[in-house]
Amino acid sequence: MASAGADEAAAAAVAAQPRAAISHVIFDMDGLLLDTEGFYTEVQEKILARYGKVFDWSLKAKMMGKKAAESARIFVDECGLDGLLTPEQFLEERESMLQALFPSCTKLPGVLRLIHHLHANGIPMAVATGSHKRHFALKTQNHQVMFSLMHHVVMGDDPEVKAGKPSPDIFLAAMRRFEGNVEPSKCLVFEDAPSGVAAAKNAGMSAVMVPDPRLDVSYHKGADQVLCSLLDFKPIEWGLPPFNE
């Protein structure tokens, strides 16, 4: 009995150890902070329907988190639209439809709670998004207060971002813009896309994934932790100040 009790105590002590000693946090934006991914799906479904094709989540997974030009090429290639629609035509058509939708996007569950908690405890935060400046402005126009709590934002058309996710460029650029010399191992990235998780890991950072429930679980591999929602995140598990409740 004494041995069993000691084993339980040892297990509890291990469980209480944080996964990493995190000092800085980097957030993806689309599908993680703001509920915009549904807009992309809606528009792409409409475009494909004209060609008698169906937009599915295996294709969505390949496109998520990528730069626009790359995701457009994937869309055309995977859907067999060569000769029918160029990547450039696809982006032009998608753009006009998305611009009307972006300003109505809402915050995802748990976002404000976590950001306000980290800000109140002096944890530096940044956003690293594949969105370009024009789209970023449309998506965030009704969320200015929340984004003002970020130390900085790095966008997909930033000159330091030579390659899109899964390249680590955007997360390394975000890390370098924090004050002081921050180590990748001290950074925690929040992502919803498989390519974003891969980019974080390629940067030497920890990654918490909050995937859409429709994304196949095979795409979860690589993440250090997978959550259903940011409401499920426990800061203390990462060496961050615990929530007050």
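- An unreviewed UniProt entry lists the protein under the name glycerol-1-phosphatase, from Urochloa decumbens.
- Among the UniProt annotations of the protein, the heading Cofactor (unreviewed entry) holds the following wording: "Mg(2+)".
- Entered under Sequence similarities (unreviewed entry) in the UniProt record, the comment concerning the protein runs "Belongs to the HAD-like hydrolase superfamily. DOG/GPP family."

### Considering the packing of aromatic side chains
Reasoning step 1: All chains considered together, the criterion is met by seven aromatic pairs.
Reasoning step 2: When the centroid spacing of 5.1 Å and the interplanar angle of 20° are considered together, the rings of phenylalanine 27 and phenylalanine 190 count as stacked. Here phenylalanine 27 is found in strand β1 (residues 24-27), whereas its partner phenylalanine 190 is found in strand β4 (residues 187-191), with 163 residues between them in sequence. Considered together, phenylalanine 27 and phenylalanine 190 belong to a single accessibility category, that of buried residues.
Reasoning step 3: Between phenylalanine 55 and phenylalanine 75, the ring centres sit 6.4 Å apart and the planes meet at 35°, which makes this aromatic pair tilted. In this pair, phenylalanine 55 sits in the loop between α2 (37-49) and α3 (57-63) while phenylalanine 75 sits in helix α4 (residues 68-78), placing the two residues 20 residues apart along the sequence.

### Some words on empty space enclosed by the protein
A probe as big as a water molecule, rolled over the atoms, marks out the empty space that is left.
Reasoning step 1: Overall, the coordinates contain one cavity of 30 Å³ or more when judged by the stated rule.
Reasoning step 2: Roughly 60 Å³ of internal volume is contained in the largest cavity.
Reasoning step 3: Lining of the largest cavity is provided by Gly65, Lys66, Lys67, Thr129, Gly130, Gly156, Val161, Ala163, Gly164, Lys165 and Ile170.
Reasoning step 4: Each residue belonging to the lining of the largest cavity can be placed in one class, and the counts come to three nonpolar, five polar and three charged.

### Here we look at the side chain of threonine 140
Reasoning step 1: As for its position among the elements, threonine 140 is in helix α7 (residues 133-140).
Reasoning step 2: Among the residues examined, threonine 140 registers a relative accessible area of 3% and is labelled buried.
Reasoning step 3: Looking at threonine 140, its side chain comes within polar contact range of the main-chain oxygen of phenylalanine 136, at 2.7 Å.
Reasoning step 4: Sequence-distant contacts of threonine 140, defined by excluding residues within four places in its chain, comprise Met29, Leu34 and Phe147.

### Re the sheet that holds β4
Reasoning step 1: With parallel pairing, the six strands of this open sheet are ordered in space as β3-β2-β1-β4-β5-β6. Pairing within the sheet leaves two strands with one partner each, and these edge strands are β3 (152-154) and β6 (225-226).
Reasoning step 2: Bridge count between β1 and β4: four bridges; the pairing is parallel. Residue pairing across strands places valine 25 opposite leucine 188, the latter belonging to β4.

### Examining α2
Reasoning step 1: Here α2 spans 18 Å end to end across 13 residues, near enough to the 18 Å set by a 1.5 Å rise per residue.
Reasoning step 2: Residues of α2 that are buried sit in contact with α3, α4, α5 (87-101) and α7.

Rules used throughout
- Residues numbered from 1 in each chain as written.
- Predicted model: local features only at pLDDT ≥ 70, side-chain atom pairs only at ≥ 80, totals over all residues.
- Heavy atoms only, no water.
- UniProt positions renumbered as here; feature names shortened; annotations may be inferred.
- Phe/Tyr/Trp six-rings, centres within 6.5 Å; stacked < 30°, edge-to-face > 60°.
- Helix = DSSP H or I, 4+ residues; strand = E, 2+ residues; numbered from the N terminus.
- Buried < 20%, exposed > 50% of the residue type's maximum accessible area, 1.4 Å probe, protein only.
- 1 Å grid on protein atoms, 1.4 Å probe; cavity = no way out; pocket = protein on both sides within 12 Å on 5 of 7 lines; lining within 4 Å.
- Points joined across faces, edges and corners; volume = space filled by probe spheres on them.
- Nonpolar A, V, L, I, M, F, W, Y, C, P; charged D, E, K, R; others polar.
- Polar contact = N/O pair within 3.5 Å; in protein donor to acceptor, adjacent residues only side chain to side chain.
- Contact = heavy atoms within 4.5 Å.
- Pairing = 2+ DSSP bridges.
- Expected span 1.5 Å × (residues − 1).

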